[in-house]
Amino acid sequence: MAVIKTIILDVGNVIVRLNFERCHAALAEVCPYPAADIPRRMGSTGLVQRFESGKVSPEDFVREASGLLGMNVTAEQFWDIWSSIFVPETIIPEDLLESLCRQRQLLILSNTNAPHFALLRERYPLLRHFDGFILSYEVGALKPSPRIYREAIARAGCRPEECFFTDDVLANVEGARREGIDAVLFESLEQFERELRAREIQW
């Protein structure tokens, strides 16, 4: 096993817990569709994927999403609801990240959008411990596209096998492995710590 020089983490359900049901319930209060129908209506258009790959502006996203769901809300109201997925308590504690960043390069690799990432940086100060951010809307590609992993490797400045990556979505882990990255599925904080120890990473 190669010596790990860079630790790359997903954000959602790895660092920050997500609660999509809370967002869907809030949307159901301002549109004519029940919460259970909202993921299907949104998913059928690919709007979120286009937004998170930088092909749709935040303003157009609000307009298109509001049209899809028959909503009449302000942009501020929309973003308040859309950002309700974020749970305040983090999964990975700050003291662990603070210790890791002293001995390894830390990067974030996330499928996200500009408003959400700005909010994440505001609400979760522990993100300051990361050396860089590889974000789908900036790269123009979503995980598991090879393009976003190659960008992460380039930003890491080391060989793929010297990068350790974890993500809560198996397809994203497999995409990283195809590019030569040492990647595992994130299951829990305890499992993440075991994976670090297996790579002789201490904190």
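Heads up: the structure comes first, above all this text.
Keep in mind that what you see is a predicted model, and the values were worked out from it rather than measured.

Calculation criteria
- Counting restarts for each chain, with residues numbered from 1 along the sequence as it is written.
- In view of the model being predicted, local features appear only for residues whose pLDDT reaches at least 70, and side-chain atom pairs are presented and counted only at 80 or more, with totals across whole chains, interfaces and linings using the full set of residues.
- Side-chain calculation: all heavy atoms of the structure are included, whereas hydrogens and water are not.
- Put simply, DSSP marks the helices as runs of H or I at least four residues long and the strands as runs of E at least two long, and each gets a number from the N terminus on.
- Exposure classes here rest on a 1.4 Å probe applied to the protein chains alone. A residue is buried below 20% of its type maximum, exposed above 50%, and partly exposed in between.
- To get an axis, a line is fitted to the C-alpha atoms, and for a helix only the part in contact is used. The angle between two axes follows their N-to-C directions and goes from 0 to 180 degrees.
- Roughly parallel refers to an angle under 35 degrees, roughly antiparallel to one over 145, roughly perpendicular to one between 65 and 115, and oblique to any angle outside these ranges.
- Contacts were defined at the residue level, with two residues in contact if any of their heavy atoms lie within 4.5 Å.
- Residues were grouped as follows: Ala, Val, Leu, Ile, Met, Phe, Trp, Tyr, Cys and Pro as nonpolar; Asp, Glu, Lys and Arg as charged; and all remaining residues, including Gly, as polar.
- Note on pairing: two strands pair once DSSP finds at least 2 bridges between them.
- What counts as a salt bridge is simple: a side-chain nitrogen of Lys or Arg found within 4 Å of a carboxyl oxygen of Asp or Glu.
- Throughout, right-handed denotes a crossover for which the path from the first strand over the helix to the second runs clockwise when the strands point away from the viewer.

**Re the environment of Cys-158**
1) Next: Note that Cys-158 resides in the loop between α9 (146-156) and β6 (163-167).
2) Next: Exposure remark for Cys-158: the relative accessible area of 13% places this residue in the buried category.
3) Next: Between the C-alpha atom of Cys-158 and that of Arg-104, which follows or precedes it by 54 residues, the distance is 12 Å.

**Digging into the packing of helix α4 (residues 58-69) against helix α5 (residues 75-82)**
1) Next: With their axes 11 Å apart at the nearest point, α4 and α5 run at an angle of 85° to one another. Here α4 is positioned roughly perpendicular relative to α5, judged by the angle of their axes. Residue-level contacts link Pro-58, Phe-61, Val-62, Ala-65 and Ser-66 of α4 to Ala-75, Phe-78, Trp-79 and Trp-82 of α5.
2) Next: Each residue belonging to the contact of α4 with α5 can be placed in one class, and the counts come to eight nonpolar, one polar and no charged.

**Side note on the sheet that holds strand β7 (residues 182-185)**
To summarise the sheet geometry, strands pair through backbone hydrogen bonds and adopt either a parallel or an antiparallel arrangement.
1) Next: Spatial ordering of the open sheet is given by β5-β4-β1-β6-β7, a layout of five strands whose pairing is parallel. What marks the edges here is a single partner per strand, and that holds for β5 (132-135) and β7. Across the sheet, the axes of successive neighbouring strands diverge by a mean angle of 20°, strand direction being ignored.
2) Next: Of the strand pairs in this sheet, strand β1 (residues 6-9) and strand β4 (residues 105-110) are connected by four bridges, and their pairing is parallel. Note that in β4 the partner of Thr-6 across the bridge is Gln-105.
3) Next: Those strands touched by α9 are β1, β4, β5 and β6, and its axis lies near 165° from that of β4.

**Re the pattern of salt bridges**
1) Next: According to the stated counting rule, one finds 12 salt bridges in the structure shown.
2) Next: With a shortest N-O distance of 3.7 Å, Arg-102 and Glu-98 are connected by a salt bridge.
3) Next: Taking relative accessible area as the criterion, Glu-98 reaches 31% and is therefore assigned partly exposed.
4) Next: Residue Arg-159 pairs with Glu-162 through a salt bridge whose shortest N-O separation is 3.1 Å.
5) Next: Judged by relative accessible area, Arg-159 falls into the partly exposed class, the value being 45%.
6) Next: One network of salt bridges, in which partners are shared, links Lys-5, Arg-159, Glu-161 and Glu-162.

**Overview of the pairing of β7**
1) Next: Two elements, β6 and β7, share four bridges in a ladder whose sense is parallel. Counted as the bridge partner of Thr-166 is Val-184 from β7.
2) Next: For the segment spanning β6, helix α10 (residues 170-178) and β7, crossover handedness is right-handed.

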